[in-house]
Every structure is written in structure tokens, then in C-alpha cells.
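Results of the structural survey
One-letter residues, chain by chain:
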Amino acid sequence: MSAHPLDPLSTEEFRQAAAILRRDQGTGDRWRLASIELREPSKRTVREFEPGAPIIREALVVCWNRDDGQAFKAVVSLTEDRVLSWEHQPGEQPNLTVDEWHEADHVLREDPRVIDALSRRGITDMSLTFLDTWGYRGALIPEKYQGRRIGWVDAWHRETAEGNPYAHPVNGLHFVVDLNSMELLEVEDSFVVEPPSVMGEYMPHLVPGLQVRDDLKPLEIMQPEGVSFALDGYLLRWQKWSMRLGFNYREGPTIHCVGYEDGGRVRPIAHRLSFAEMVVPYRDPSVDHYRRTAYDVGEWGLGFMTTSLELGCDCLGEIVYVDAVLHDSRGEPFTIHNAICIHEEDNAVLWKHIDVPAERAEVRRARRLVVSAHLTVANYEYLVYWRFYQDGSIECEVRASGIMVATHFADSEPPPYGTLIDHRTYAPFHQHFIVARLDMDVDGENNTVIMSESEPLPTGPDNPHGLAMVQRNVPLRTEAEGKQDYSWATQRSWKVENPNRWNALGTSVAYKLVPTGAIPALMDERSPVFQVAQVIGHTLWVTPYDRDERWPCGEFVNQNRTDNGLPRWTSANRPIENTDVVLWYVFGIHHITRVEDWPIMPVDTVSFWLKPFGFFDRNPAIDVAPSPPAACQQEHHVTGGIG
Ligand SMILES: [Cu+2]
């Protein structure tokens, strides 16, 4: 494997970054390293890199001192063994760390005030108590705790040691913790509700009367000659696609330098694809839930939440896995084995026609390359799939599974903010907004985003039957125009066009963002939650590329009081025409909870597509070979229908 400037940090590099800071900035035992990641090289460095050339390696580190709560951002040169910059971040709270989650749990379960509050509710076996620390929105933190690093903790009760940890909420009880001093600041004991009898178990042996189905015959996926893709280090090639894989604490998997070989050269499509933020507001104003808005990317980190995949259940077939390396809050590296799964899938038919008069069929099977990772963020799982198709399409799919937040109620009627899912138990409505950061380079860096929508023309002399429909194409020239909303009425989509490159027909080459999975915010813009997550107010934002603009709700979203991301950047209203653009696409799940999502949720699936639109001169998959030839190219005797 040959090294590349985009390769994620190695175990040794994580260690080195932490050691340099300890040596030169005195980040000793009272410090936590919230994040260490590769400082990705400039686009120019990537473009001009020749294999074997020297590589400058830099790490970005965010850390803070637990004694005074002050946070710092450092750029560390691993190549030169020194700190290049060290910037104080006054008033900012870095992302929450897994270590804090565990330490808070440890401290709370020993605290007599916690034990007392639980025993008043009849819960005396602390080994069956599950404590779950969440982050807070800054505006919701009481004035007296402002400036402190605050965790807000739910309590849950398992019925047995193997029982579902999220099946039995302890309602009306929360703990407020200072995560730096690990002090329990407050026991919020607001009400008690007599727990109903709930069947919240999903492990087969715990579900009463469950008969596990036994009528499926084996289904085996075999590739007797191996896979058709090649992975060299982090460079992945398959069919005409090529790309580089990356991984960091915050976005989890990232996909770089996506190109498609056409006419003997690799044509760029995207410089970098990732998930830059997730915002999950619970739409229940009650005391147990009004603080429940998760930023799974910015607060916890999709990388930190990535779990190891198991062959045969998480991924099926001939799999190549990639491990990921991350670090704990002391900077000590660890490996997530099998973090990313790469494999091919059969995806039914790619194209087909039966020439009825000639009695001849031509069929091609579709194969797709899938790059996937699974993330467990507390009660939820997110399964992320980036899929590459032989016709030049890219599909990004997310499946949500896991356990819904459930809550009990005392009255005969459930509150209106959720769905009744069990006895006196409802699951609050909530939304999972995912912000995909799409740094597109369609056939080169300079692109223009075109809003493209359909318009029926009025009936008139030129349109006597009222059939005429045209496509309205409007170039987005400024960041203000780049704030776009989904429109069902006009089937609006957005083309990322290269106005400097043309296909054989003389039209500009483009990729189209097909906005499936778009959901509206449906939230009062004055809400403090909306104020710090303004990205959810539009389906699409477009900005000119800036290496430092990575996080749509701001870099520090834990306890955020202002939105230092897209609203601030785009207030400059910079030009976005014929320049290097980044698209921020907001999609997700509008989760109107269902009875069938309980006690464990069958996957809820959303996706969006990037499809070539005049990028090629014709169907680029016309050259896909019939497989097997004898079956897919054959005489076809039509026995019915119009034949
Ligand atoms: Cu949900």
C-alpha cells in the first residue's frame, strides 16, 4: 500500500499528537482530548500529489482543561514534531466524550441522592439501573450553571440483567451533572408515575410465548472468484469508479476523490462526501423531554459511535473490512475492528427490453458497490450505506433502528406528542435531520448549482390540450439564492453543473441531487432549538468551498447558544456561481412513532441520490456485460399480451 495525504491518522500518529501537546502545552492528567483528527490537506495538495512523494502530516486537536473548563484548538505538525497553533476557545464546550459518559454513570450510581430517588420509586437494585447522559442546548441550561460543562441524565430500569435497557423509563427523574468536576449538581425529582406493565423485551428468550420462525431455507451469496473491486490502502476501485476512504471521530466514514472513468480518463464527481451534522429534536414539550435534542455528529461523533461489523449478519457475502483508529479522552488510540464494510451486491435489473416483434430479450443485472458503517448512538442505531452504481449514480441510504425513547403517563389518555406503544406508554414524536456535506467537483472544481423544476404551461393556442410542461432552470448565484426548499408541487431538484464542460450534445455536464428523504423543520423559528440548528430550516444550502467550513451548526455544538455554522457563513452572501461549491443537503426521518417500532424498531429507511444528468453522452451502463450471457441475451417467445 502506498501512503496518501488523505489517509486517516494511524495509531502511532494519534499517540504522537497527544504526546506533542503534553510535552509542549502541558496537557496533563486534568486535560481531556475531545478530538484528534487528520488535518486534511488542501485540495491542491491532493490534486498534485504523486505516489511516493513526501507527505506533510498534521493533526487537529480539540482539548480542554477540566480544572478551569477552558478549551483549546491546536494544529500539530506530526512531520515537524511541533505545535503549529494553539488557540483558546473561550466559552466553548467541546464534544462529549465516551469517557465522561462512563465516569458520570460511575459517580451517579454510587451517590446516595440517586439511590434514594430511585428507591422512592421502588428501584433498589442499582445493577438494573441504566443511566444515560445527554448533552444540553445552551439556552436550556439554568443561569446558575452557565459556563459549566453540564450533562443531563435519564434513568432507566431493566427488568432483568439481560433486559432491554431502554424499555422502562424512570419518568420525572433527571440528574444534572458537572462533567468536569463529576459533581451531581441537582436531582430533578418532578413527579412519580406508577410504572405500567410493559413488554419491552426483544431478546427472543425474554419475549413471552415467542416462537422463532424456522421455515427459511439457507440463502448464500457466493463470489467463487472473489470480489470485483480492489482496495489498495484507502484507495477503492470498482468497475469504472474510484474513490478514497477516510474516517474521523466526528463524521465516521468519509469518501474522497470520487471519480468515474470515461473515455480513458477518470472524471471527478465529488471531492468529499460525508455527514456533517445530525439534529434530532424530540417534539414533546413535557419536563422529561424538552431538553432532548441530540446532535449525534457534533456532540458524540459518528466515528466514536461506530461499531464493529459481523460477517453474515451486518454484511452478507464476500466482504472486505476496513478498521478505524480513534482515541479516548487521554489521547490513547484504540482500534474499531471491521468499522467499514465494502462489498458488492446484486441489485436486480439494471436495464432491459424485450423486442417483441423480433422476439429477442436483452437484460443486464445491476451490481452495486456498497461502503457502509453502523453507528450506535445510545438507544438508536444508524446504518449508513454509500452505494455506487454502474450507471454513474450514487445513492446515500440511512437506516434507523434501535429502541425508541419511551415514556409513561399516569392519565387515561396519552399526551398528544407521541404514539401509544404499550400500556400507559407512548413514544414521543421526533425528527432525525441528517446534513450531508457534498463537496462536489463535477468534471472539475468550478460548478454552478441550478434549481430545476417543472412548470405546466397554461392551456392556450400553442397548448390546446393543456399538456405542455417545461423545465425551469435557474442558476443559483449567491448564498441567499442557494437556500432552497423542497417543492412537491414542482418536483424541484438541483443540478450541480460544470458550465465549462460539455457533453457530445453540447449541453453542460451535470450531476443532479434528487431530493428524496427531504423533511421540513415544522418548528417555530424563534425556538431556542431552531436558533442553534438553523440548517434544518432549508432542504439545501450552497456555499463556496472554504477548507475551514465543515460543521453546519458550528464547530462547538455542545451547549451551543448561537449557531456559528451556515447562518453565519452565508450572511456574507458570497457568490456561488461557477466556483468551487459545497452542497449541504438536509434529509432524514420525520419519525411519527409507530406501535410496530416497539420494542425494537424495524429499520426506517431514507435515501437521496446523485445522478448523472448529461454528464455522459448516453447510458454509461450500456457496456455492462450480460451475465450469464445465455440467459440475458435470448430468444424470447411472447406468449401473451400485445404480441
Ligand atoms: Cu426515530
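It should be noted that the structure appears before, not after, this text.
Here's what I pulled together on the structure shown here. Bear in mind the structure is a predicted one, so any value in this text is a computation, not a measurement.

1. Here's the deal with the overall build of the protein chain
In terms of regular secondary structure, the protein chain is built from eight helices and 31 strands. Against the globule reference of 26 Å for 643 residues, the protein chain gives a C-alpha radius of gyration of 26 Å, in line with a compact fold. A principal-axis box enclosing the C-alpha atoms of the protein chain has dimensions of 85 × 65 × 60 Å. Within the protein chain, the proportion of its 643 residues that are buried is 54%. Considering only intrachain contacts with a sequence separation of at least 6, the fraction spanning at least 24 residues in the protein chain is 66%.

2. Points about the coordination of the copper ion
Around the copper ion, the protein contributes the donor atoms Y380 (OH), H430 (NE2), H432 (NE2) and H591 (ND1), at 1.9 to 2.0 Å from the metal centre. Angles of 95 to 138° at the metal separate the four donor atoms of the copper ion, which places the site in the irregular class. Every donor residue of the copper ion comes from the same chain, spaced as Y-x49-H-x1-H-x158-H. With H430 in strand β23 (residues 430-440) and H591 in strand β29 (residues 579-591), the pair connects residues that are 161 residues apart, well separated along the chain. Pair check on accessibility: H430 and H591 agree, each one buried.

3. Comments concerning a nonpolar patch on the surface
Side chains of F191, V287 and Y290 sit close together on the surface and give an oily, nonpolar patch of about 230 Å² of accessible area. Locating Y290 in the fold gives a position in the loop between β13 (265-281) and β14 (293-294).

4. As for the environment of V371
Here V371 lies in strand β17 (residues 360-377). Residue classification places V371 among the buried residues on the basis of a relative accessible area of 2%. Counting along the chain gives 236 residues from V371 to G135, while the straight-line C-alpha distance between them is 30 Å. Setting aside its immediate chain neighbours within four residues, V371 contacts L236, L245, I255, I340, C341, V384, Y385, W386 and F388.

5. Notes on helix α3 (residues 98-110)
Relative to the 18 Å expected for 13 residues at 1.5 Å per residue, α3 spans 19 Å between its end C-alpha atoms, a close match to the ideal helical length. Taken as a whole, α3 has its buried residues at E100, W101, A104, D105 and L108. Looking straight down α3, one finds its buried side chains confined to an arc of 135°; they lie on one side. Facing away from the buried side of α3 by more than 90 degrees, the exposed set consists of H106 and E110.

6. A short note on the pattern of salt bridges
The tally for this structure, following the rule as stated, stands at 50 salt bridges. A salt bridge links R330 to D328, with the nearest nitrogen and oxygen atoms 2.6 Å apart. Salt-bridge contacts for E481 lead to R477; the nearest nitrogen and oxygen are separated by 2.6 Å. R477 gets classed as partly exposed once you look at its relative accessible area, which sits at 45%. A network of salt bridges, in which partner residues are shared, links E37, E40, E251, R272 and R550.

7. A look at the packing of aromatic side chains
Inspection of every chain in the model, using the stated rule, returns 24 aromatic pairs. Ring plane angle 50° and centroid distance 5.6 Å describe the contact between Y249 and F304, whose orientation is recorded as tilted. Here Y249, found in the loop between β11 (241-248) and β12 (252-262), pairs with F304, found in the loop between α5 (296-300) and β15 (320-327); they are 55 residues apart in sequence, far enough to count as distant. For the pair Y249 and F304, a shared accessibility class is recorded, and that class is buried. Geometrically, the ring pair formed by Y389 and W609 is tilted, given 5.1 Å between the ring centres and 35° between the ring planes.

8. So, unusual backbone geometry
With an omega dihedral of 0°, the bond running from W598 to P599 counts as a cis peptide bond. The residue P599 is located in the loop between β29 and β30 (601-612) in this model. With phi around 55°, E359 is a residue other than glycine that occupies positive phi space. Inspection of the secondary structure puts E359 in the loop between β16 (333-355) and β17. With relative accessibility at 31%, the residue E359 sits in the partly exposed group.

9. Details of the state of the cysteines
Tallying each qualifying case throughout the model produces zero disulfides. Cysteine C315 shares no disulfide, and the gap to the nearest cysteine sulfur, in C341, comes to 3.1 Å. Looking at C315, the relative accessible area reads 4%, which means it is buried. With no disulfide of its own, C396 lies closest to C341 among cysteine sulfurs, the gap being 15 Å. Classification of C396 as buried rests on a relative accessible area of 1%.

10. Regarding the nonpolar core
The tendency in soluble globular proteins is for nonpolar side chains to be buried side by side. Within the largest apolar cluster, 130 residues are counted, with the highest numbers of intra-cluster contacts made by W386, L438 and M440. Here this core takes six residues from β13, the largest share from any one element. Excluding its chain neighbours within four sequence positions, the residues that come into contact with L438 are R272, L273, W386, L513, V581, V582, L583, Y585, F608 and L610. In this structure, F433, I519, C553 and V586 belong to the second largest nonpolar core, which totals 23 residues.

11. Some points on the sheet that holds strand β1 (residues 31-38)
Taken in spatial order, the four strands make up an open sheet running β1-β2-β3-β4, and their pairing is antiparallel. Only two strands of the sheet have a single neighbouring strand rather than two, namely β1 and β4 (82-88). Across the sheet, the axes of successive neighbouring strands diverge by a mean angle of 20°, strand direction being ignored. Pairing of β1 with strand β2 (residues 58-65), which is carried by seven bridges, proceeds in the antiparallel orientation.

12. Section: the sheet that holds strand β22 (residues 425-428)
If you trace the three strands from one edge of the open sheet to the other, you get β20-β22-β21, paired in antiparallel fashion. For this open sheet the edge positions go to β20 (407-408) and β21 (418-422), each flanked by a neighbour on one side alone. When β20 meets β22, the two strands line up antiparallel, connected through two bridges. When the sheet's bridge partners are listed, T407 is paired in β22 with Y426.

13. Remarks on the pairing of β17
The buried fraction of β17 is high, at 13 of 18 residues. Direction of pairing for β16 relative to β17: antiparallel, over a ladder of 12 bridges. Note on β17: the bridge partner recorded for I354 is A361. Counted between consecutive antiparallel strands, the loop separating β16 from β17 contains four residues, among which E359 sits at a positive phi close to 55°. Bridge count between β17 and strand β31 (residues 633-635): three bridges; the pairing is antiparallel. From the neighbouring strand, E362 faces β31, where its bridge partner is Q633. Sheet topology places β17 next to strand β18 (residues 380-389); 10 bridges connect them, and they run antiparallel. Along β18, the bridge assignment pairs A373 with V384. From the end of β17 to the start of β18, which pair antiparallel, there are two residues, and A378 there has a positive phi angle of about 55°.

Procedures and definitions
- Residues numbered from 1 in each chain as written.
- Predicted model: local features only at pLDDT ≥ 70, side-chain atom pairs only at ≥ 80, totals over all residues.
- Heavy atoms only, no water.
- Helix = DSSP H or I, 4+ residues; strand = E, 2+ residues; numbered from the N terminus.
- Rg over C-alpha atoms; globule rule 2.2 N^0.38 Å.
- Buried < 20%, exposed > 50% of the residue type's maximum accessible area, 1.4 Å probe, protein only.
- Contact = heavy atoms within 4.5 Å.
- Donors = N, O, S within 2.8 Å, 3.2 Å for Na, K, Ca; no water.
- Tetrahedral: all angles 85-135°; square planar, octahedral: opposite > 155°, others 65-115°.
- Patch = residues over 30% accessible without salt bridge, like charges linked within 9 Å, V, L, I, M, F, W, Y side chains within 5 Å.
- Areas by Shrake-Rupley, 256 points an atom, 1.4 Å probe, with all protein chains shown as cover.
- Salt bridge = Lys/Arg side-chain N within 4 Å of Asp/Glu carboxyl O.
- Expected span 1.5 Å × (residues − 1).
- Arc of directions from axis to C-beta.
- Phe/Tyr/Trp six-rings, centres within 6.5 Å; stacked < 30°, edge-to-face > 60°.
- Disulfide = S-S within 2.5 Å.
- Core = buried A, V, L, I, M, F, W, Y, C linked by side-chain atoms within 4.5 Å.
- Pairing = 2+ DSSP bridges.
- Axes fitted to C-alpha atoms, helices over the stretch in contact; angles between N-to-C directions.

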